[in-house]
Amino acid sequence: MLNFLKEADLDRVGCFACSLVEGASANELDGALPDEVREERRARFMELAKELSANRMKKVGKTLKVLVDEVSTDGSVGRTAADAPEIDGVVYIAPATKASKRYKAGDFVSVKITGADGHDLWDEV
C-alpha cells in the first residue's frame, strides 16, 4: 500500500486502524491483527501521506479563493475548493484587521498564502 501511495502521488488520503464494532459479524473472523500492529501501520501510512501532501501544498506566495467557515478575532478558518469540511486541511486566516472585518462565514475571500504544513495553509486576506 505504501508503494502504491508513493507511485500514485496521492495528496489527500487518510486511514484508520480497524477496530471491533459492537454486534458486527466481522468480530468473529479469525486472523485479526493485534492493536499495536494496526496502529503502527496506520501511523506509517499517515506519515507518508503527510509527506506527499506537504510536497503538493507548495502554495506559499500564491493567492487562493477561500470559503470562510468560521470568523473570530483570534483568526478565522476557511477552505479552498479542494477541501472537504471536517475531512481535509483548512486555511487559517490571520486575525481580523480593518480591511478584513467585513467578511463573515459563507463569504469567499481571496487570500495570499503565507505558510503551509502537511495538510493546512496559513494566509492573510
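Criteria and thresholds
- Residues numbered from 1 in each chain as written.
- Predicted model: local features only at pLDDT ≥ 70, side-chain atom pairs only at ≥ 80, totals over all residues.
- Heavy atoms only, no water.
- Helix = DSSP H or I, 4+ residues; strand = E, 2+ residues; numbered from the N terminus.
- Buried < 20%, exposed > 50% of the residue type's maximum accessible area, 1.4 Å probe, protein only.
- Contact = heavy atoms within 4.5 Å.
- Areas by Shrake-Rupley, 256 points an atom, 1.4 Å probe, with all protein chains shown as cover.
- Patch = residues over 30% accessible without salt bridge, like charges linked within 9 Å, V, L, I, M, F, W, Y side chains within 5 Å.
- Salt bridge = Lys/Arg side-chain N within 4 Å of Asp/Glu carboxyl O.
- Core = buried A, V, L, I, M, F, W, Y, C linked by side-chain atoms within 4.5 Å.
- Phe/Tyr/Trp six-rings, centres within 6.5 Å; stacked < 30°, edge-to-face > 60°.
- Lys NZ or Arg CZ within 6 Å of the ring centre and 35° of its normal.

Asker: How should the overall build of the protein be read in this particular structure?
Answerer: Along the protein, the regular secondary structure elements total two helices and five strands. From first element to last, N terminus to C terminus, the protein shows the α and β order α-α-β-β-β-β-β. By residue count, 25% of the 125 residues in the protein fall in the buried class. Taking the contacts inside the protein whose residues are at least 6 apart along the sequence as the reference set, 60% of them involve residues at least 24 apart. Approximately 8800 Å² of the protein is accessible, and the part contributed by carbon and sulfur atoms is 53%.

Asker: Please explain a nonpolar patch on the surface as it appears in this structure.
Answerer: On the surface, M1, F4 and L10 cluster together to form a nonpolar patch covering roughly 330 Å² of accessible area. Along the chain, the position of M1 falls in the segment before α1 (2-8).

Asker: Looking at this structure, how should I read the nonpolar core?
Answerer: In a soluble, globular protein the nonpolar side chains are often hidden away together inside. Membership of the largest hydrophobic core is limited to ten residues, which are L64, V66, V68, V91, I93, Y103, V109, V111, I113 and L121. Elements represented by at least two residues in this core include exactly β1 (63-70), β3 (91-93) and β4 (108-116). Excluding its chain neighbours within four sequence positions, the residues that come into contact with I113 are K59, V60, G61, K62, L64, L121, W122 and D123. Membership of the second largest hydrophobic core comes to five residues, among which are L5, F45, L48 and A49.

Asker: Looking at this structure, how should I read the packing of aromatic side chains?
Answerer: Ring pairs (aromatic) are described by centroid distance and by the angle formed between their planes. In the structure shown here, the tally under the stated rule is zero aromatic pairs. Between K65 and the ring centre of F108, over which it is positioned, the NZ or CZ distance is 5.0 Å.

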